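Here are the chains, one letter per residue:
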Amino acid sequence: MSLHNGSERVSTGSGVLRRLLLGGLILSGLTLLTAIVAASVGPFTVPFTHTATTLLDLIGIGESTAKPTEQAIIQSIRLPRIFLAFIVGAALGISGGIMQGLFRNSMADPGIIGVSSGGATGAVVAIASGAATVSTFFLPVFAFIGSAAAMAVVFLIASVGGRFSMATLLLGGIAVSSFLGAITTATIILTDDLNVQRQIIFWIAGGFDTARWESVQIAAPIIVVGALITIFVARDLNLLLVSEDEARSLGVRVALVRNTLLISASLITGAAVAFSGIIAFVGLVVPHVVRLIAGADHRVLLPLSALGGGLFLLVADTAARIVLSPAELRVGVLTAMIGAPFFIFLLLRSKARLL
């Protein structure tokens with residue numbers, strides 16, 4: 001009996017590793033191809049061969065065949081945007097996977113507990129007050145502070161009475177999001193400067209047109225560390241979904257794991273929102289698709305949701321740059337156009353299951 005169980009565990013573990021490696025290789029390859037396309041297309045088109053040799057040159061392989069102007073465009077303008085789009089997509093993808101797991105609901109997303117609304121309010125305050133004009137980093141700082149403050153308020157609401165409640169967390173998140181949304185709308189309406197209103201609307205719509213290497217250097221460590229923490233406790237999340245009592249009997253510190261996942265997901269979502277604005281539906285669509293293809297094991301789901309989210313947002317940003325070229329469609333608008341029909345599909349499918 002023990003030998004059978006042991007071999008079952010080994011085969012299960014090898015199956016997880018196999019799915020993770022296969023999915024990781026496929027998504028990484030697609031991401032690399034998309035990055036080459038993204039670095040090549042735009043108002044100024046760079047030949048794919050020039051882009052490929054420039055990217056290889058940057059990692060010490062061969063020598064770039066691109067002209068100095070092409071190299072400057074790729075290295076200073078397009079690569080920061082590519083990296084930022086990927087890490088923001090990864091943050092939203094993995095956060096969505098965590099939220100869907102913790103709430104046991106495939107229609108949950110990273111903004112469900114008010115983090116995105118808090119970031120929007122912080123950014124709007126920075127723009128409306130003029131603080132965003134003092135330094136380019138004041139806008140993301142205000143947005144991150146807004147996200148962190150919203151998260152703290154929702155956690156306090158969920159912990160009133162000394163006992164943490166996931167249901168109260170969800171309802172508190174909805175209430176706080178509505179309140180912050182009202183503040184954001186009121187600020188836009190009460191602002192007389194049309195240029196300021198335009199800046200606010202552009203930020204809320206989400207995009208990477210202001211991406212710089214400095215943005216990547218600030219956002220990446222927060223998102224990478226937060227993502228690694230969540231992946232490290234993915235096995236415990238699997239046990240929590242089976243039963244909290246069973247998880248406790250196996251030595252899982254339920255409250256610690258749950259709070260670690262919630263805080264990590266909120267922080268990396270806040271970091272993403274701070275540099276990209278509001279980009280909806282990535283955290284809803286990507287984890288759900290990954291779950292359908294690779295299964296519900298969070299040891300596979302979370303890493304692949306990160307890679308899939310990065311790829312999805314990189315594709316969306318590239319499309320947003322070229323679909324109305326030389327004008328640019330906001331990425332948040334494009335992802336909402338894709339995500340909203342998918343969300344309706346989930347609702348209809350869930351309703352059909354209940355009938």
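Located above this text is the structure these notes cover.
These notes cover the structure that comes with them. (Residues numbered from 1 in each chain as written. Predicted model: local features only at pLDDT ≥ 70, side-chain atom pairs only at ≥ 80, totals over all residues. Heavy atoms only, no water.)

When helices and strands are tallied, the protein shows 15 helices and zero strands. Relative to the globule expectation of 20 Å for 355 residues, the C-alpha radius of gyration of the protein, 21 Å, shows essentially globular dimensions. For the protein, restricting intrachain contacts to residue pairs at least 6 apart in sequence, the fraction spanning at least 24 positions comes to 74%. Roughly 17,200 Å² of accessible area belongs to the protein as shown, and the carbon and sulfur atoms make up 70% of that amount. Between the centroid of the 21 positive side chains of the protein and the centroid of its 16 negative side chains there is a distance of 9 Å. (Helix = DSSP H or I, 4+ residues; strand = E, 2+ residues; numbered from the N terminus. Rg over C-alpha atoms; globule rule 2.2 N^0.38 Å. Contact = heavy atoms within 4.5 Å. Areas by Shrake-Rupley, 256 points an atom, 1.4 Å probe, with all protein chains shown as cover. Lys, Arg positive; Asp, Glu negative; His and termini not counted. Charge placed at Lys NZ, Arg CZ, Asp CG, Glu CD.)

Here we come to unusual backbone geometry. In the Ramachandran plot, Phe281 falls in the positive-phi region, its phi being about 75° despite a non-glycine side chain. Of note, Phe281 is situated in the loop between helix H12 (254-276) and helix H13 (282-294).

Applying the stated criterion to the full structure yields two aromatic pairs. Plain terms: the ring middles of Phe83 and Trp213 are 5.5 Å apart, the flat faces sit at 55° to each other, and that makes the pair tilted. With Phe83 in helix H3 (residues 68-102) and Trp213 in helix H9 (residues 213-232), this pair connects stretches of sequence that are 130 residues apart. The residue whose ring lies beneath Arg198 is Phe202, and the NZ or CZ to ring-centre distance is 4.5 Å. (Phe/Tyr/Trp six-rings, centres within 6.5 Å; stacked < 30°, edge-to-face > 60°. Lys NZ or Arg CZ within 6 Å of the ring centre and 35° of its normal.)

It is at 9 Å that the axes of helix H4 (residues 115-129) and H12 come closest, and there the two elements cross at 35°. Crossing hand, H4 versus H12: right-handed. Contact with H4, carried on its side by Val115, Ser116 and Gly119, involves Ser266, Thr269, Gly270 and Val273 of H12 and no other residues of that element. A breakdown of the residues in the contact of H4 with H12 according to their chemical character gives two nonpolar, five polar and no charged. (Axes fitted to C-alpha atoms, helices over the stretch in contact; angles between N-to-C directions. Left-handed = near helix turned anticlockwise from the far one by under 90°. Nonpolar A, V, L, I, M, F, W, Y, C, P; charged D, E, K, R; others polar.)

In globular proteins that are soluble, nonpolar side chains generally tend to be buried together. Leu84, Ile113, Leu169 and Phe208 are the most contacted members of the largest nonpolar core, which totals 93 residues. Broken down by element, the residue count for this core peaks at 14 residues, all from H3. (Core = buried A, V, L, I, M, F, W, Y, C linked by side-chain atoms within 4.5 Å. Buried < 20%, exposed > 50% of the residue type's maximum accessible area, 1.4 Å probe, protein only.)

The next thing to look at is H4. For H4, which comprises 15 residues, the first-to-last C-alpha distance of 21 Å matches the rise-based estimate of 21 Å (1.5 Å per residue) to within 8%. Most of H4 sits out of view: eleven of its 15 residues are buried. For H4, the complete set of buried residues consists of Val115, Ser116, Gly118, Gly119, Ala120, Thr121, Gly122, Ala123, Val124, Ala126 and Ile127. One or two steps after H4, the chain reaches Gly130, where phi turns positive at roughly 90°. (Expected span 1.5 Å × (residues − 1).)

Now for the pattern of salt bridges. Enumeration over the complete set of coordinates arrives at six salt bridges. Between Arg81 and Asp317 there is a salt bridge, with the nearest N and O atoms lying 2.9 Å from each other. Of this pair, Arg81 sits in helix H3 while Asp317 sits in helix H14 (residues 298-322), and the two are 236 residues apart along the sequence. It is possible to trace a salt-bridge network through shared partners that takes in Arg81, Asp317 and Glu328. (Salt bridge = Lys/Arg side-chain N within 4 Å of Asp/Glu carboxyl O.)

Let us look at the packing of H3 against H14. A pair of packed helices can be characterised by two numbers: the angle between their axes and the separation between those axes. Interhelical geometry of H3 versus H14 gives an angle of 140° and a closest axis separation of 6 Å. Classified by the angle their axes make, H3 and H14 are oblique. Both H3 and H14 take part in a crossing whose hand is right-handed. Here the contact of H3 with H14 is composed, by residue class, of 13 nonpolar, eight polar and four charged. (Parallel < 35°, antiparallel > 145°, perpendicular 65-115°, else oblique.)

For H12, built from 23 residues, the straight-helix expectation of 33 Å at 1.5 Å per residue is met to within 8% by its first-to-last C-alpha distance of 33 Å. Summarising burial for H12: 17 of the 23 residues are buried, a large majority. At the exit of H12 stands Gly277, carrying a positive phi of roughly 85°.

Moving on, we come to a nonpolar patch on the surface. The grouping of Leu22, Ile26, Leu30 and Leu33 at the surface amounts to a nonpolar patch, some 390 Å² of accessible area in total. Along the chain, Leu30 turns up in helix H1 (residues 2-40). (Patch = residues over 30% accessible without salt bridge, like charges linked within 9 Å, V, L, I, M, F, W, Y side chains within 5 Å.)

What follows covers the side chain of His288. Within the element layout of this structure, His288 appears in helix H13. Apart from residues lying up to four places away in sequence, His288 is in contact with Gln100, Ser106, Phe342, Leu346 and Arg349.

Turning to its location among the elements, Leu301 is positioned in helix H14. As for Leu301 and Phe144, which are separated by 157 residues in sequence, their C-alpha atoms are 26 Å apart.

When you line up the elements, Leu92 lands in helix H3. Those residues in contact with Leu92 that lie beyond four places of it in its chain are Pro110, Thr269, Ala272, Ile279, Val282 and Gly283.

To continue, consider the environment of Pro80. Tracing the backbone through its elements, the reader meets Pro80 in helix H3. A sequence separation of 26 residues divides Pro80 from Ser106, and the C-alpha atoms of the two residues are 32 Å apart. Not counting residues within four places of it along the chain, the set of residues in contact with Pro80 comprises Ile74, Gln75, Ala211, Arg212, Trp213 and Val216.

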